[in-house]
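Given next are the chains, with one letter for each unit.
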Amino acid sequence: MCENKNKILVALDGSERAFRTINYLCNFKPFRKNELVLHNIITRVPECYYDLKKEPFSYNITSRVRAWESGYKAKIDEFMEKSRMMLIAAGFKPEAIHIMIAKREKGIARDIMAEARKGYDALLIRRRGGAQKFLPLVMGSVSTKLVEKAAFLPVLLAGVQQVNHSLFLAVDGSKGARRAVEFTAKIIQDSDCRIVLSSVLRDFGVYDNGRMEKPDNYITTAAGQIEMAVKQAREILENAGIPGKNIEIKIIQGAKSRAGAIVAAAKEYNCDTIVFGRKGKSEVSSFDIGRVPWKVIHGAREMTVWMVP
C-alpha cells in the first residue's frame with residue numbers, strides 16, 4: 001500500500017452505469033492523491049448446482065452453469081482492468097489502485113459494510129440520478145441500505161452532474177457538521193476547489209393564541225451559533241490550504257424546509273456536490289440517519305452527496 005492521505009473503498013457492480021462512478025473519480029481532481037480499492041462482490045452459483053454433475057442427465061445443465069460463471073468472472077475482470085486504466089490515465093498513481101473481487105457471503109450490502117470497517121476513510125457508491133420519485137429508485141436498493149446502515153464512515157454518493165469542483169457545505173454548529181467540514185478539508189487539501197459555506201435558519205417559532213411568534217432571544221441565539229460555526233469552518237478550510245477567495249458564505253433565513261433550502265441554494269450557486277453531517281442539530285436517536293439528509297439526498301437527485309457521520 002502506498003502512503004496516501006485517504007483510503008477510499010469504491011463499490012462497483014460491473015455494470016455500464018458503474019463507469020459513471022469511475023468517471024466521477026477521474027474528474028474530481030483532489031481524489032487523485034488518495035488510495036482506491038475497487039471492490040466488487042460476485043454472486044456465485046450455489047454449490048448444489050454442481051452436485052447435479054453426479055446425475056447422467058445433467059451434463060448440459062452443469063456445463064452451462066460453469067460457462068456462465070466463467071463468463072461473468074471474465075466480464076468483471078475486464079471491467080476492473082478498464083476502470084484501473086481509466087484512473088491511471090486521469091492521473092492516479094498505479095500503485096494507489098487496488099482491485100478486490102470478493103465472493104458474496106452474507107449479502108452485497110452487508111459484505112460491503114464488512115469490508116468498509118477495515119480501516120477505510122470513506123465509502124464511494126453510485127446513485128442512479130434522474131427524476132425517479134422513490135428513493136430506492138433514485139439510489140438503488142444496495143445504496144439505500146448502505147446509506148441507512150453505514151454510519152461509521154463517510155458515505156459518498158456519486159451523482160451524474162458534471163464535476164466543477166464546487167462544494168456546498170452545510171454547517172449548523174453540530175458535531176456532525178464540524179466533522180463534515182474536517183473531512184472535506186482533508187479531501188480537498190491544497191486544491192483550488194470552490195466552497196460555499198451555508199447555514200439555514202428555519203422559520204421556527206412558538207404558537208400563542210393561534211399565531212406563531214419567535215421567542216425573544218431566538219434570532220440572536222441562532223445567529224450567534226451560525227456565525228461561530230461558519231467562522232470555525234472557514235478557519236479549518238483555510239488551514240487546509242484552501243484560498244480565502246474560494247470560500248463563500250450563504251446564510252439562509254426564514255426557511256420552511258432546511259433540506260429544500262440547502263438543495264435550492266446549492267443549485268443557485270452551481271455546486272456539483274453537497275456535503276453535510278449525517279445528523280445535525282435535530283438529531284433523533286431512533287433514526288439511523290437524520291431526516292434532513294434523506295430529504296437532501298432525494299432532492300439533489302443528479303448531484304453528488306457526501307454524508308459524514
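It should be emphasised that the depicted structure is a prediction, and the values quoted were computed from it without experimental measurement. (Residues numbered from 1 in each chain as written. Predicted model: local features only at pLDDT ≥ 70, side-chain atom pairs only at ≥ 80, totals over all residues. Heavy atoms only, no water.)

**Side note on the packing of aromatic side chains**
As enumerated under the stated definition, the model contains seven aromatic pairs in all. Among the aromatic residues, those joined into a cluster by ring pairs are Y24, F28, F31, F183 and W306. Note that R117 overlies the ring of F152, its terminal NZ or CZ placed 4.0 Å from the centroid. (Phe/Tyr/Trp six-rings, centres within 6.5 Å; stacked < 30°, edge-to-face > 60°. Lys NZ or Arg CZ within 6 Å of the ring centre and 35° of its normal.)

**As for the environment of G176**
Among the secondary structure elements, G176 is positioned in helix α7 (residues 175-187). G176 sits in the buried class, given a relative accessible area of 4%. Setting aside its immediate chain neighbours within four residues, G176 contacts G277, K279 and V308. (Helix = DSSP H or I, 4+ residues; strand = E, 2+ residues; numbered from the N terminus. Buried < 20%, exposed > 50% of the residue type's maximum accessible area, 1.4 Å probe, protein only. Contact = heavy atoms within 4.5 Å.)

**Things to note about the packing of helix α9 (residues 258-268) against helix α10 (residues 291-300)**
At a minimum axis separation of 8 Å, α9 and α10 run at an interaxial angle of 40°. Relative to α10, α9 is oriented oblique. α9 and α10 meet at a crossing whose hand is right-handed. Seen from α9, the contacting residues are R258, A259, I262, V263 and K267; seen from α10, they are V292, K295, V296, G299 and A300. Here the contact of α9 with α10 is composed, by residue class, of six nonpolar, one polar and three charged. (Axes fitted to C-alpha atoms, helices over the stretch in contact; angles between N-to-C directions. Parallel < 35°, antiparallel > 145°, perpendicular 65-115°, else oblique. Left-handed = near helix turned anticlockwise from the far one by under 90°. Nonpolar A, V, L, I, M, F, W, Y, C, P; charged D, E, K, R; others polar.)

**Side note on the nonpolar core**
Counting 49 residues, the largest nonpolar core has F28, F31, L237 and W306 as its most contacted members. Apart from the residues within four sequence positions on either side, F31 is in contact with I8, Y24, L25, F92, L156, I187 and W306. A11, A265, I274 and V296 belong to the second largest nonpolar core, which has 41 residues in total. (Core = buried A, V, L, I, M, F, W, Y, C linked by side-chain atoms within 4.5 Å.)

**A short note on unusual backbone geometry**
For H165, which is not a glycine, the phi torsion comes out positive at approximately 60°. Tracing the backbone through its elements, the reader meets H165 in the loop between β5 (155-158) and β6 (166-170). Look at H165 and you get buried, because its relative accessible area is 15%. Despite not being glycine, R301 has its phi angle at roughly 45°, a positive value. Looking at the element boundaries, R301 is found in the loop between α10 and β12 (304-308).

**Regarding the pattern of salt bridges**
Side chains carrying opposite charge are able to pair once their charged atoms draw close together. Summed over the entire model, instances satisfying the criterion amount to eight salt bridges. Notably, a salt bridge pairs D13 with R126, separated by 3.2 Å at the nearest N-O pair. With D13 in the loop between β1 (7-11) and α1 (19-27) and R126 in strand β4 (residues 122-126), this pair connects stretches of sequence that are 113 residues apart. A relative accessible area of 15% means that R126 is categorised as buried. Here E81 and R84 are joined by a salt bridge, their closest N and O atoms 3.0 Å apart. With a gap of three residues between them, E81 and R84 both fall in helix α3 (residues 59-90), about one helical turn apart. For R84, a relative accessible area of 22% translates into the label partly exposed. (Salt bridge = Lys/Arg side-chain N within 4 Å of Asp/Glu carboxyl O.)

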